[in-house]
Structure formats: C-alpha cells, structure tokens
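Structure assessment
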Amino acid sequence: MRGAVLAGGAASRFGGKPKGLEQVGGERILDRAIRAVQLAAGEAPLLVANVPEAADWRPDLQVRRDALQSCGSLGGIYTALSAAEGPVLVLAWDMPFVPPELLQSLVRQSQGFDAFLPESPSSENDVEPLCAVYHPTCLAHIRRNLADEDFRVQGFLESVRAGTLPSSEVTRYGDPDVIFFNVNTPDDLQQAQELWSKQR
C-alpha cells in the first residue's frame, strides 16, 4: 500500500497561499497529514503537488506533479495511482484531524474493492473521496471521466467496485464532522484552531 498526500489546488479561497503549510496546534497541516498516512501505509507517502517550491516543503518526500494538468483533485488521484505499483491510500493535505487509526482501518478493509471510502454524512454523496483507498483498476475509469471533462471525484465510482467504511465504524475514531474537516479559508483555519483546542 502506497500513501499519497494531495497538495494541489490554487487555494483561491485562501488568497493563493499554500493552505497546508498553515499550522494547527503548532504543527503544519501538511505534516499532520503526512504522519497519519505514513503510520497507516507503513512508508513515507508520495506528495502530489504542482508548485516548484513543493520540494522544499518536505525534502524527505518524493514529489510528483500532476500527470494531467488542471484536472482538480481527481487529477491528483490519477497522478498518485499512476506513480504507484498497487493500491494507494490518498489524503488531502488540508485535513488536519484525520487519525491514523481510521486510515489503517481503510487499508485493512479495502481488499476486494477498486475504491474504498469512509462514509461521511456531511460530505457530497455521503462519502469522503479525499480520504480513501484506490486501486490501479480505477485508472482507466478516471482517465475516461477526465477526457469527458467530468472532474467530480465521485463521478467514476459507479463504474468500479466501490466499498465503504460505515459511519458506525468511522465514529469509533471521532466525530466525522471533525475528522473530515478541511481548511479552505482563513475562517476555516480559525475554526480548526478552536477544534484542536477542544480536543486537548
């Protein structure tokens, strides 16, 4: 199982600044995501990012630019799968509260599926696609959707064997609204700081 942290996006709602480099609880969101993925996957994750300075964010990681440009998060998943020789555990770099234990559960239960995602009632389609396991068998389906300019991350799932980690198990690791909270704006960053303070 290879891990990948997706650090793409223009961060237009964050003034163009790399939001994953912001700190929550005195630690960069990026470093939180990398640690969680590494603990679950067992090795240092791939960092999918397009800006030249990404190599300086974590010099210990391999950085891969998007194989197909301007394709959003789905393009990032495609890039991670293209760079790996097997299934990939994917996590977006703007999620500071995803526990490694949840990621480990996704890895353990993903066998037999092309895609395995946690249920999240507040997310689109009730799953969280940017915290999930994807198998290389998804590549052709993703490529087809990208060619059709369908950039929805969930758009290809009905074409593959997709499984879900039920909410009843997700909640063993915390409140899904906190676990999958993502920082897109300065207000979100402030809210993340408040959530972190409550967890202490």
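**A look at the nonpolar core**
Ranked by internal contacts, the top residues of the largest apolar core, which has 56 residues, are Ile77, Leu103, Tyr134 and Ile142. Per element, the largest residue contribution to this core is 6 residues, and it comes from helix α1 (residues 29-41). Filtering out sequence-adjacent residues up to four positions away, isoleucine 142 remains in contact with Leu74, Ile77, Tyr78, Leu81 and Phe156. Of all hydrophobic cores here, the second largest spans 9 residues; its members include Ile29, Val178, Ala192 and Leu195.

**Some words on the packing of helix α3 (residues 72-83) against helix α5 (residues 139-147)**
As a packed pair, α3 and α5 sit with axes 10 Å apart at the nearest point and diverge in direction by 145°. For α3 against α5, the interelement crossing comes out left-handed. On the side of α3, the interface is formed by Leu74, Gly75, Ile77, Tyr78, Leu81 and Ser82, while α5 contributes Leu139, Ile142, Arg143, Asn145 and Leu146. Partitioned by chemical class, the residues of the contact of α3 with α5 number 7 nonpolar, 3 polar and 1 charged.

**Here we look at the pattern of salt bridges**
Using the criterion set out here, one finds 11 salt bridges in the structure. Here glutamate 22 makes a salt bridge to lysine 17, at a shortest N to O gap of 3.8 Å. Of the residues examined, lysine 17 reaches a relative accessible area of 45% and is grouped as partly exposed. Two residues, arginine 28 and aspartate 31, come together in a salt bridge whose shortest N-O distance is 2.8 Å. Judged by relative accessible area, which is 15%, aspartate 31 ranks as buried. Residues joined in a network through salt bridges with shared partners are Arg28, Asp31, Arg58 and Asp60.

**Digging into the side chain of aspartate 114**
Here aspartate 114 lies in the loop between α4 (100-109) and β7 (115-118). Of the polar contacts made by the side chain of aspartate 114, one reaches the side chain of threonine 137; its length is 2.6 Å. The residues contacting aspartate 114, other than those within four sequence positions of it, are Val133, Tyr134, His135, Thr137, Cys138, Val160 and Arg161.

**So, unusual backbone geometry**
Located in the positive-phi region is glutamate 149, a residue other than glycine, with phi close to 60°. If you trace the backbone, glutamate 149 turns up in the loop between α5 and β9 (162-165).

**Details of the packing of α1 against α4**
Between α1 and α4, whose axes approach to 8 Å, the crossing angle comes to 40°. In terms of orientation, α1 and α4 fall into the oblique class. You can see that α1 and α4 cross each other, and the crossing is right-handed. Taking contact as the criterion, the partners of Ala36, Val37, Leu39 and Ala40 in α1 are, on α4, Pro100, Leu103, Gln104 and Val107. A class-by-class count of the residues in the contact of α1 with α4 yields 7 nonpolar, 1 polar and no charged.

**Brief notes about the environment of tyrosine 78**
Following the sequence through the fold, tyrosine 78 ends up in helix α3. On the accessibility criterion, tyrosine 78 (11% relative accessible area) is buried. Measuring from C-alpha to C-alpha, the distance between tyrosine 78 and phenylalanine 156 comes to 12 Å, with 78 residues separating the pair along the chain. Excluding residues within four positions of it along the chain, tyrosine 78 makes contact with Ala67, Leu68, Leu139, Ile142, Arg143 and Leu146.

Rules used throughout
- Residues numbered from 1 in each chain as written.
- Predicted model: local features only at pLDDT ≥ 70, side-chain atom pairs only at ≥ 80, totals over all residues.
- Heavy atoms only, no water.
- Core = buried A, V, L, I, M, F, W, Y, C linked by side-chain atoms within 4.5 Å.
- Buried < 20%, exposed > 50% of the residue type's maximum accessible area, 1.4 Å probe, protein only.
- Helix = DSSP H or I, 4+ residues; strand = E, 2+ residues; numbered from the N terminus.
- Contact = heavy atoms within 4.5 Å.
- Axes fitted to C-alpha atoms, helices over the stretch in contact; angles between N-to-C directions.
- Left-handed = near helix turned anticlockwise from the far one by under 90°.
- Nonpolar A, V, L, I, M, F, W, Y, C, P; charged D, E, K, R; others polar.
- Salt bridge = Lys/Arg side-chain N within 4 Å of Asp/Glu carboxyl O.
- Polar contact = N/O pair within 3.5 Å; in protein donor to acceptor, adjacent residues only side chain to side chain.
- Parallel < 35°, antiparallel > 145°, perpendicular 65-115°, else oblique.

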